[in-house]
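What the coordinates show
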Amino acid sequence: MAVKFFGQFLVEQDAVTGESLLHAIELQERTNLKLGEMAVAMGFITQQDIETAHSAQLSKDMKLGDLLVDLGFLSPLQLDEVIAHQKATHLYIGEALVKVGALTPEKLEHYLEAFKTDQAPYVANRVELPAWLNENTAAWEMTVDLTYKMITRVLGIQFRPGKFVESNVLSCNHMIAAMDLSGDLTARYLLSVSAGIQKTIAKAILKEDDVENEDDEILEDTVMEFVNIVCGNVVAKASQMGVTLDINPPITLHPSTSGLSVPDHYRCVIFPIHVGDNETMEMALFIKQ
Amino acid sequence: MKKVLVVDDSLSVTRQLEKIINDSGDFVCVGHAKNGAEAIKMNHSEDPDIICMDMNMPGMDGLTALRSLVMLDKAVQVVMVTSLGGVGDKFTEAIKLGAKNVISKPFETENVLRILRAL
């Protein structure tokens, strides 16, 4: 039910051992050259040029390829050629597992189909976002969309997603669980829930029919755990999109009646989740500017 | 029945795993630790066959504890539990350090039991 990468799926299915997977990954690491290594192998630049570019990266926030062009070591056309050659010669993990003898080509085909079916629920759908959120749009869309998918699949809650709202304050609710995302994107992910929704989450996470006698501590923990599940899967999906993220353990927030203020240098986008029956649920992102 | 130690700082995850393990008929949960340091102590006192351990915990995290556990006890089999299992680097790091498998969150009972039974 989670976002996975193909190697993990194969080990989980007992199709290959962890040891075989490591051998295949070592083969991939030897075969799949990084951009700079490929440019050297193609005779466009020298090792010294790469070292100069790496030093320049300390003061310039640019990708290595763009920097090599900026420094005049590569022409834009050569950069395109290097990237095209990298793609054409890339050894995928499935192919590597066949090469190390851990899978037959037939088994590979079978498990690729099974993997596609397993991961089909996590193919991202479009989500409307504010116009200013024009960098890493696909990653933000995926974050919101994956939240909706997890609410349906993990919590079993029927809902209608509302149009996003921009605000300087996230209004007070029974509780808010939050998790900080860092890396290529810096943001705080927040889920605000009413008391009834908190109990629905607790029932789903604990797989219990009745949570009336549960302590507040465990009820709050289940909401934090749900946020942990969503954010962990967001990080996994982002890594498949080439966006590197990390997470810190989730926290619980109990804002005053005036709500939770957005910190300086952050902008807040709220995604209302209409669940009916006088219960409320909102997902929010505090995004660093 | 094989003895399983659960290591997680989350009360709700501990509850879920204990229920799956104890209802399985093949495994029994012999206790739970809240961080890596407690896991090392309880591995000594409870002598479990299997440890199901969260990767991200306050104090000593799961990967640090995994390194120590496999060094101190060659017989114990460790399965990591994480919402980050789909991140290739995290998964392979756990396997390189000696984890037998990685259980991704959200759990599916059959998947957890298939992984434990395959050990």
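Residues numbered from 1 in each chain as written. Chains lettered and ligands numbered in written order. Predicted model: local features only at pLDDT ≥ 70, side-chain atom pairs only at ≥ 80, totals over all residues. Heavy atoms only, no water.

**Describing the interface of chain A and chain B**
Contact with chain A, which involves 35 residues of that partner, is made by 30 residues of chain B. One salt bridge connects Glu225(A) with Lys105(B), and the closest N-O pair in it is separated by 3.1 Å. In this assembly, chain A and chain B are joined by ten residue pairs in polar contact (both at pLDDT 80 or more). Counting only elements with at least two residues in the side of chain A that touches chain B, the list comes to α1 (6-12), α2 (18-31), α9 (137-155), α10 (195-206), α11 (216-240) and β6 (245-247) of chain A. Along the lines of polarity and charge, the residues of the side of chain A that touches chain B split into 17 nonpolar, eight polar and ten charged. (Contact = heavy atoms within 4.5 Å. Salt bridge = Lys/Arg side-chain N within 4 Å of Asp/Glu carboxyl O. Polar contact = N/O pair within 3.5 Å; in protein donor to acceptor, adjacent residues only side chain to side chain. Helix = DSSP H or I, 4+ residues; strand = E, 2+ residues; numbered from the N terminus. Nonpolar A, V, L, I, M, F, W, Y, C, P; charged D, E, K, R; others polar.)

**Remarks on the environment of Asp66(A)**
Secondary-structure assignment places Asp66(A) in helix α5 (residues 64-70). In the structure, Asp66(A) is positioned 112 residues away from Ala178(A) in sequence and 36 Å away in space, judged by C-alpha atoms.

**Considering the domain arrangement of chain A**
As assigned here, chain A comprises domain 1 (6-121) and domain 2 (125-288). Computed over C-alpha atoms only, the centres of domain 1 of chain A and domain 2 of chain A are separated by 33 Å. (Domains from an automatic or database assignment.)

**Some details on the nonpolar core**
Judged by nonpolar contacts, the single largest core of 53 residues is most densely connected at Phe226(A), Phe271(A) and Met281(A). Those elements that provide at least two residues to this core are α9, β4 (175-183), β5 (187-193), α10, α11, β6, β9 (266-274) and β10 (281-288) of chain A. Considering every element that reaches this core, the biggest residue donor is α11(A), with eleven residues. Filtering out sequence-adjacent residues up to four positions away, Phe226(A) remains in contact with Met150(A), Ile151(A), Val154(A), Leu155(A), Leu191(A), Ile201(A) and Ile205(A). Among the nonpolar cores identified, the runner-up in size contains 42 residues, and Phe9(A), Leu21(A), Tyr111(A) and Ala94(B) belong to it. (Core = buried A, V, L, I, M, F, W, Y, C linked by side-chain atoms within 4.5 Å. Buried < 20%, exposed > 50% of the residue type's maximum accessible area, 1.4 Å probe, protein only.)

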